Amino acid sequence: MIHYFIGDLGHLFVIVSFVTSLVAAFAYWKAKTITSVESKQAWINNARLAFYVHTIAVIGVFVALFYIIYNHYFEYHYAYSHSSRHLPAHYMVSCFWEGQEGSFLLWIFWQALIGIVIIHTQKEWEAPVMVVFALVQAFLASMILGIVIPVADLKLGSSPFILLRDALDDPIFKIQPDFIPADGSGLNPLLQNYWMVIHPPTLFLGFALTIVPFAFCIAGLWEKKYSEWIKPALPWTLLGGAILGLGILMGGYWAYETLNFGGYWNWDPVENAVYVPWLVLIASIHTMIVYKNSQAALKTSIILVISVFILILYSTFLTRSGILGDSSVHSFTDLGLSGQLLIYLLFFTVAAIILAVVRWKEIPSTEKEVSTYSREFWIFLGVTTLCLMGFQVIIPTSIPVYNSIVGLFGGTSNLAPPADQIAFYSKFQLWFGVAVAFLSGTGQFFWYKRIDKTKLKKELLTPVLISLIVFALIISIAGVNEPSYLVLTLAGVYIIISNLKVLRSVIKVNPSLSGGALSHIGIGLALIGIMFSAGYSNVVSLNNTGMLISTELSTEFNRDNLLLFINEPRTMAGYDIEFLGERIEPKDKWGYIKKSDVLLTPDPYTVVAKRDIIFKDKKLYAEKDTFEIYPENTYYEIELRKGDNVEAVLFPRVQINEAMGGFVASPDISRGPARDLYTHVSAPMNREAEVEWSEMEEVKVKIGEQFFVNDYVAVLEEVNRLDEIQGITLRAEDVAVQAKISVIGERDTYYADPIFLIKDKAQVGRISSEINDLGVKITLLNIHPETNEFSLGLNGRQKDWVIIKAMEKPFINLLWLGTGILMVGFTIAAVRRFKTA
């Protein structure tokens, strides 16, 4: 049965949210332009009511869509495309924002809640600010409207409540219009990660917060309150910088844990599209603070605040219009929204620029030249550097846009984004980062307006000397010798030491002033962590055998990867590295289970335990227990030892992922205070390929007798009659017996369970048992009751193998610590500004 009601209700809520946002925008505009006090208040009351209804409608859309996903209503295209019955409840949340419509809804939701806060806290600014808010909400709501205007044959938005039969052109719906699939396509396995539950909401909250300073800035220009908007906007700008930065950090940590490129930032166009607005947002925070303290940089603040919001819209256009094509693994496919997105971008860009140009001459500016011995000068240098950082990233990222514009006018452009994105962007961003560190470290010692040269020298002397001493110790102990890394290390140390001095001073006066110093210390730690983890990452899986893994693979691959056969340790870079076998993961318990310890069933998500399953001395399942697994995931147990000490036991994952081109490898990480051990599978054994078994060897054995199979000692332990066989119906006259054979491997004892079957008194069937880890297949060929012997067929093949890459990531925890301290600094600064706003 198709559940029409919930979808119709959700779509009604979408329409209501769109209409009420337009009503709120109009009512607030009337309240702003009308002169009568009574009429003004009446229009404000109407506007508030409309925005309250809008917020309720947005929540209604949110609840309706989640209800559809959670209850597996696969008659709806969104639920079918992004969820399945086997997903745990917490990943159902991730399904919500995997698609374009859900992520737009998340953005609308956050902005609606922020709008309610603005209504209740900013009475003086409510009308002009909320005009901007409501207009942005109307544009966003139109993205999920999913209606067609008949006269113009124009589609507005893509509805998350469209039925599957209306979205897919499948013959089944012509035969059976009410057909509902038994299960959905499921969530992309890469997104089945706890970071993907909290990363998108955090990122979209950061997106939503950028509208607040933009709305205050536009309201200030509109009402000719050219400087008054800074005070209420600054706390929100700081909060937006913190939340957006936290969202970016979460994305980086997800990439480090989930993807196998060996890092946390790949300079993918979608990553760049979020990184650039954040840089400009940080620049705007500094210019707004400058204006608060010295009445300088007002025009710069206006330009930067407008630029941040426009860049957020531009990043939305880049990632959701389909214009990036194959240049990004993160971008959404085009749902036909590119025209709407472009109108959305151009409307606010043109409107903001026109308003700023019209008011430009009236905006107050300081005529006095800024002294090089003032904090303003050094902040301006830092702001310029941040903007240049963003400019250097956004221009190459926008090459697909440039190509499309040229093509639109009949030309041809074959410009391509950088082939090696990491090398291209890093070589520029490294030096920009150095400049920011030196400017931030030095600028803290200047006073606003001007500082005496003698006083400045005295302030700088101690941190400079301490920085040089600490720098010398670090490069001596760690062996840093690359010139660019030397400069980066010095910059990181200098910004930390100089800001520790500032922190010590401000804590004595007022601890709430410590936010800036803490943020800068966090940046310094992050720079040093990036330098060590990226610049001095050490490959420990070096292939020193003198043999190529494959002549078809690159020299780098053959050099940095290791072919491991099961239970055959290899010594590399001071480690004994050993592959212990393939493992699967149960759904409801933590642990890893040998594939040989379970019996597969017709349902790929369900297996049966062949024997008691123990993991780390804890019994997970008893023999014959049925439990669920994640069939798309295979884990490879890798042990790294130094002498007799086990340094790490890692379980890197290979995931069947059709959305990502077949299979995707994810690393496993052993974390330590001084370094992470990072291992991922470079090439797994192909289970789909036809296995080349050796010619069958036949042996006769008695119960308890030893024999050899593929050079392993095996024992026939017992033979038992079976009453049932999975997938086969047994009658009373049928005979089925199962042998239990133990095979002693290098590290463990494995069991084979071949079956001999006589059905209908004439048909003989044999079900072989394979031990994949050891490359062994055993078949129970015959039973000889007169001699109490059993004929076994033995086949062998090449042992299981895997190709892995293992690395040491030194001092990467400095990066995570630094970004954490950066967030704490942002929080302290934002709380102080909210209290004084």
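Residues numbered from 1 in each chain as written. Predicted model: local features only at pLDDT ≥ 70, side-chain atom pairs only at ≥ 80, totals over all residues. Heavy atoms only, no water.

**Quick notes on the sheet that holds strand β8 (residues 598-600)**
With antiparallel pairing, the 3 strands of this open sheet are ordered in space as β8-β9-β12. The strands lining the two open edges of the sheet, one partner per strand, are β8 and β12 (626-628). Sheet twist, expressed as the average angle between the axes of neighbouring strands with direction ignored, equals 40°. Relative to strand β9 (residues 606-609), β8 runs antiparallel, the two sharing 3 bridges. For Leu599, the partnering residue across the bridge sits in β9 and is Val608. (Pairing = 2+ DSSP bridges. Helix = DSSP H or I, 4+ residues; strand = E, 2+ residues; numbered from the N terminus. Axes fitted to C-alpha atoms, helices over the stretch in contact; angles between N-to-C directions.)

**Some points on the packing of helix α19 (residues 483-509) against helix α20 (residues 515-535)**
For the pair α19 and α20, interaxial distance at closest approach is 8 Å and the crossing angle is 155°. The pairing of α19 with α20 is recorded here as roughly antiparallel in orientation. In the packing of α19 onto α20, the handedness of the crossing is left-handed. Where α19 approaches α20, its residues Tyr485, Leu488, Thr489, Gly492, Val493, Ile495, Ile496, Asn499, Leu500, Val502 and Leu503 are matched on the opposing element by Ala517, Leu518, His520, Ile521, Ile523, Gly524, Leu525, Leu527, Ile528, Met531 and Gly535. Per-class residue counts for the contact of α19 with α20 are 16 nonpolar, 6 polar and no charged. (Parallel < 35°, antiparallel > 145°, perpendicular 65-115°, else oblique. Left-handed = near helix turned anticlockwise from the far one by under 90°. Contact = heavy atoms within 4.5 Å. Nonpolar A, V, L, I, M, F, W, Y, C, P; charged D, E, K, R; others polar.)

**A few points about the pairing of strand β18 (residues 675-684)**
Burial analysis of β18 places 9 of its 10 residues in the buried class, which makes it a mostly covered element. Here 4 bridges tie strand β17 (residues 668-671) to β18, and the two strands are oriented antiparallel to one another. By the bridge assignment for β18, Ile669 is matched with Tyr678. Linking two consecutive strands that pair antiparallel, namely β17 and β18, is a turn of 3 residues. As paired strands, β18 and strand β29 (residues 801-810) are joined by 9 bridges and run antiparallel to one another. If you follow Ala683 over to β29, its bridge partner there is Ile803. (Buried < 20%, exposed > 50% of the residue type's maximum accessible area, 1.4 Å probe, protein only.)

**Digging into helix α12 (residues 269-294)**
Owing to its 3.6 residues per turn, the α-helix brings residues three or four apart onto one side. Compared with an ideal rise of 1.5 Å per residue, which puts 26 residues at 38 Å, α12 spans 38 Å between its outermost C-alpha atoms and is within 8% of the ideal. By the criterion of burial, α12 is predominantly enclosed, with 23 of the 26 residues buried. Phi turns positive one or two residues past the end of α12, at Gln295, with a value near 55°. (Expected span 1.5 Å × (residues − 1).)

**As for the state of the cysteines**
For the coordinates displayed, the defined rule picks out 0 disulfides. In this structure Cys217 is a free cysteine whose sulfur lies 15 Å from that of Cys387, the closest cysteine sulfur available. We classify Cys387 as partly exposed; its relative accessible area is 25%. (Disulfide = S-S within 2.5 Å.)

**Remarks on a nonpolar patch on the surface**
A grouping of Leu342, Leu346, Val350, Ile354 and Val358 is seen on the molecular surface, where their side chains present a nonpolar patch of about 420 Å² in accessible area. Inspection of the secondary structure puts Val350 in helix α14 (residues 338-359). Taking the relative accessible area as the measure of exposure, Val350 reaches 41% and is therefore partly exposed. (Patch = residues over 30% accessible without salt bridge, like charges linked within 9 Å, V, L, I, M, F, W, Y side chains within 5 Å. Areas by Shrake-Rupley, 256 points an atom, 1.4 Å probe, with all protein chains shown as cover. Salt bridge = Lys/Arg side-chain N within 4 Å of Asp/Glu carboxyl O.)

**A look at the domain arrangement of the protein chain**
Along its sequence, the protein chain is carved into domain 1 (1-191), domain 2 (555-689 + 802-810) and domain 3 (697-799). Of note, the centres of domain 1 and domain 2, computed from C-alpha atoms alone, are 42 Å apart. Counting from both sides, the interface comprises 6 residues of domain 1 and, opposite them, 14 residues of domain 2. Here domain 1 meets domain 2 over a buried area of about 720 Å², counting both sides, of which 59% is carbon and sulfur. In terms of surface lost to domain 2, no three residues of domain 1 exceed His86, Pro189 and Leu190, which account for 76% of the buried area on that side. On the surface where domain 1 and domain 2 come into contact, there are 0 salt bridges. At the boundary of domain 1 and domain 2, one finds 1 residue pair in polar contact (both at pLDDT 80 or more). (Domains from an automatic or database assignment. Buried area = accessible area lost by both parts, 1.4 Å probe. Polar contact = N/O pair within 3.5 Å; in protein donor to acceptor, adjacent residues only side chain to side chain.)

**Topic: the packing of aromatic side chains**
Counting across every chain of the model gives 49 aromatic pairs. Ring centres of Trp590 and Phe615 lie 5.2 Å apart, and the angle between their planes is 70°; on these two criteria the pair is classed as edge-to-face. One end of the pair, Trp590, is in the loop between β6 (575-584) and β7 (593-594); the other, Phe615, is in strand β10 (residues 613-615), with 25 residues separating them in the sequence. Judged by relative accessible area, Trp590 falls into the exposed class, the value being 58%. (Phe/Tyr/Trp six-rings, centres within 6.5 Å; stacked < 30°, edge-to-face > 60°.)

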